[in-house]
Amino acid sequence: ALDVPPTIGRFTKLEALLLMNCVKSLPSEVGNLKNLSFLALPNNPSLKEIPDSISKLRNLQYLIMSRNRLERLPKNIGEMKNLRHLNVNQNEIEMLPYSFGFLENLEVADLWSNNLDHFPETLTRLKNLKVMDLRNILIPQANQDKIQSMLPHTKIYFSAACNCSW
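**Q** I keep staring at the side chain of Ser 53 and nothing clicks. Help me out?
**A** Mapped onto the fold, Ser 53 is located in the loop between β4 (38-40) and β5 (62-64). The residues contacting Ser 53, other than those within four sequence positions of it, are Ser 28, Val 30 and Gly 31.

**Q** For this particular structure, what's the right way to read unusual backbone geometry?
**A** Most peptide bonds adopt trans geometry, and most residues besides glycine take a negative phi value. Phi at Asn 21 is positive, roughly 60 degrees, even though this residue is not glycine. For Asn 21, the position within the fold is in the loop between β2 (16-18) and β3 (23-25). Within the chain, Asn 43 stands out as a residue other than glycine whose phi angle is a positive 60 degrees. Tracing the chain through its elements places Asn 43 in the loop between β4 and β5.

**Q** Sorry if this is basic, but what is going on with the packing of aromatic side chains here?
**A** The relative placement of two aromatic rings is captured by the distance of their centres and the angle of their planes. The full count for this structure, using the stated rule, is 2 aromatic pairs. Between Tyr 98 and Phe 102 the ring centres are 5.6 Å apart and the planes differ by 85 degrees, which places this aromatic pair in the edge-to-face class. On the basis of relative accessible area, Tyr 98 is assigned to the exposed category, the value being 57%. By relative accessible area, Phe 102 is classed as partly exposed at 22%. Positioned above the aromatic ring of Tyr 157, the side-chain terminus of Arg 135 is 4.8 Å from the ring centre. One cation-aromatic arrangement involves Lys 155 over Tyr 157; the distance from NZ or CZ to the ring centre is 5.1 Å.

What counts, and at which threshold
- Residues numbered from 1 in each chain as written.
- Predicted model: local features only at pLDDT ≥ 70, side-chain atom pairs only at ≥ 80, totals over all residues.
- Heavy atoms only, no water.
- Helix = DSSP H or I, 4+ residues; strand = E, 2+ residues; numbered from the N terminus.
- Contact = heavy atoms within 4.5 Å.
- Phe/Tyr/Trp six-rings, centres within 6.5 Å; stacked < 30°, edge-to-face > 60°.
- Buried < 20%, exposed > 50% of the residue type's maximum accessible area, 1.4 Å probe, protein only.
- Lys NZ or Arg CZ within 6 Å of the ring centre and 35° of its normal.

So this is what it looks like as structure tokens:
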């Protein structure tokens, strides 16, 4: 695995970037890739975090970061106003940040198999969200009901409710 060099920030005309099975870390300069509409970093088991500067990618429509070891999403992810498809399945993310609900164009949120136990009230703002996958996450029935009530027009996939508390 390699550290992506800070010089990646010079490729400001880049529109798509796919790096799989090779990334150990991502520099904050990735936020300089203003024309990026597609960013995929799947299958990078050494990748534990993505820099908050990724929120500067205002043209990003697809963010695919499945099968890594991410522990959190950028706190300002909601600034990514054009994000339509988010796939962060099979990570170790524990909570969705408050700004997650500001992703007004988000249509698909694949959060399958994470450690999620916090969903912000801002989810009610996701009017364009068509599908959310929350399978393989331990969620009590009352919390599943609450999440579904916050997103009445979204198809949400849950695993069987757990007999657990948050």
